[in-house]
Amino acid sequence: YEERTSGWSSADLTAIARAYVVLGDAESVRAALRVFDAAVAADRNNMDAIVRTGDLFLEKYNAPEARESYAQVLMRDSTNARALLGMARVLDFEGKPEALVITRRAVTSDPSLAAAHVMLARLYLEAEAFDSATTAARRAIALDSLRVAPWALWGASA
């Protein structure tokens with residue numbers, strides 16, 4: 001991939017890495033990680049590439065590496081909603097109750113982040129706080145009515 005991606009911008013490299021993620025096979029995942037690394041090497045301020053690296057690690061059940069990626073972003077910007085949501089997902093994966101607090105911080109940091117409202121609804125539903133789950137699911141639906149998850153959570157909370 002090095003020959004094909006040299007000279008590309010950090011944003012272009014991030015897009016290429018995202019395409020590798022979509023392919024999903026093991027070789028493509030390894031390529032995605034290499035290209036995300038190249039994107040960050042090209043621009044150390046590319047927080048999107050670092051967050052997406054964390055997302056990929058978590059998707060592959062590698063919570064320690066995911067945590068490291070999100071922490072790297074949060075050390076530079078403690079209000080980065082996507083990194084906060086990622087950290088909350090790591091905590092939830094590890095079964096830690098702090099996931100709810102961090103998810104609330106993500107929602108506060110970016111109220112338009114539908115995925116954070118979905119996570120909040122799911123956590124409230126698991127805690128049997130049905131009214132709060134309904135409210136969070138409705139907010140997620142208002143932000144992105146095409147996603148299935150908030151509709152399912154809204155229905156489950158009813």
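Colleague: How would you explain the packing of helix 4 (residues 47–59) against helix 6 (residues 81–93) if you had to name every residue and give the values?
Modeller: Helix-helix packing: each pair is described by the crossing angle between the helix axes and the interaxial distance. Running from amino to carboxyl end, helix 4 crosses helix 6 at an angle of 15 degrees, the nearest separation of the two axes being 10 Å. Put simply, helix 4 runs roughly parallel to helix 6. Classified by chirality, the crossing of helix 6 by helix 4 is left-handed. Packed against helix 4, whose contacting residues are Asp48, Val51, Arg52, Asp55 and Leu58, the element helix 6 presents Arg82, Ala83, Gly86, Arg89, Val90 and Phe93 at the interface. For the contact of helix 4 with helix 6, a count of residues per class yields 5 nonpolar, 1 polar and 5 charged.

Colleague: Talk me through the packing of aromatic side chains; I want residue IDs and the actual numbers.
Modeller: With the rule as written, the count across this model stands at 2 aromatic pairs. Seen in terms of ring centroids, Tyr61 and Phe93 are 6.1 Å apart; in terms of plane orientation they differ by 35 degrees. Their pairing is tilted. Residue Tyr61 is found in the loop between helix 4 and helix 5 (63–76), and its partner Phe93 is found in helix 6; the two are separated by 32 residues along the sequence. Look at Phe93 and you get partly exposed, because its relative accessible area is 43%.

Colleague: Describe the environment of Gly7, and please don't skip the residues or the numbers.
Modeller: Counting through the fold element by element, Gly7 comes out in the loop between helix 1 (2–5) and helix 2 (10–23). Looking at Gly7, the relative accessible area reads 83%, which means it is exposed. With 151 residues separating them along the chain, Gly7 and Ala158 place their C-alpha atoms 53 Å apart.

Colleague: Explain the environment of Asn80 to me, and be specific about the residues and the numbers.
Modeller: With respect to the secondary-structure elements, Asn80 resides in the loop between helix 5 and helix 6. As for Asn80 and Thr53, which are separated by 27 residues in sequence, their C-alpha atoms are 15 Å apart. If we skip the residues at most four places from it in the chain, Asn80 touches Met47, Val51, Val73 and Leu74.

Colleague: A description of the side chain of Ser10 should follow, citing residues and the corresponding values.
Modeller: One can find Ser10 in helix 2. Within the local environment of Ser10, its side chain forms a polar contact with the side chain of Asn46, the two groups lying 2.7 Å apart. Those residues within four positions of Ser10 in sequence are excluded, and the remaining contacts are Ala39, Val40, Ala42, Asp43 and Asn46.

Colleague: Lay out the side chain of Asn80 in plain terms, naming residues and giving numbers.
Modeller: A relative accessible area of 16% means that Asn80 is categorised as buried. Within the structure, Asn80 has its side chain in polar contact with the backbone nitrogen of Ala83 (distance 2.9 Å).

Colleague: So what's going on with the pattern of salt bridges? Which residues, and what values?
Modeller: Per the counting criterion, the structure on display carries 8 salt bridges. A salt bridge links Asp55 to Arg89; the nearest nitrogen and oxygen atoms lie 3.6 Å apart. Placement of the pair is Asp55 in helix 4 and Arg89 in helix 6, with a sequence separation of 34 residues. A salt bridge links Glu94 to Lys96; the nearest nitrogen and oxygen atoms lie 3.4 Å apart. The class for Glu94 is partly exposed, based on a relative accessible area of 32%. Connected through shared salt-bridge partners, Asp48, Arg52 and Arg82 make up one network.

Colleague: How would you summarise helix 5 if you had to cite specific residues and measurements?
Modeller: With 14 residues, helix 5 extends 20 Å from end C-alpha to end C-alpha; this agrees with the ideal 20 Å at 1.5 Å per step. Of the residues making up helix 5, those classed as buried are Ala63, Ala66, Ser69, Tyr70, Val73 and Leu74. The buried residues of helix 5 occupy an angular sector of 130 degrees when projected down its axis, which confines them to one face. Every exposed residue of helix 5 that faces more than 90 degrees away from the buried side is listed here: Pro64, Glu68 and Met75. The N-terminus of helix 5 is capped by Asn62, whose side-chain oxygen sits 3.2 Å from the backbone nitrogen of Glu65.

Criteria and thresholds
- Residues numbered from 1 in each chain as written.
- Predicted model: local features only at pLDDT ≥ 70, side-chain atom pairs only at ≥ 80, totals over all residues.
- Heavy atoms only, no water.
- Axes fitted to C-alpha atoms, helices over the stretch in contact; angles between N-to-C directions.
- Helix = DSSP H or I, 4+ residues; strand = E, 2+ residues; numbered from the N terminus.
- Parallel < 35°, antiparallel > 145°, perpendicular 65-115°, else oblique.
- Left-handed = near helix turned anticlockwise from the far one by under 90°.
- Contact = heavy atoms within 4.5 Å.
- Nonpolar A, V, L, I, M, F, W, Y, C, P; charged D, E, K, R; others polar.
- Phe/Tyr/Trp six-rings, centres within 6.5 Å; stacked < 30°, edge-to-face > 60°.
- Buried < 20%, exposed > 50% of the residue type's maximum accessible area, 1.4 Å probe, protein only.
- Polar contact = N/O pair within 3.5 Å; in protein donor to acceptor, adjacent residues only side chain to side chain.
- Salt bridge = Lys/Arg side-chain N within 4 Å of Asp/Glu carboxyl O.
- Expected span 1.5 Å × (residues − 1).
- Arc of directions from axis to C-beta.

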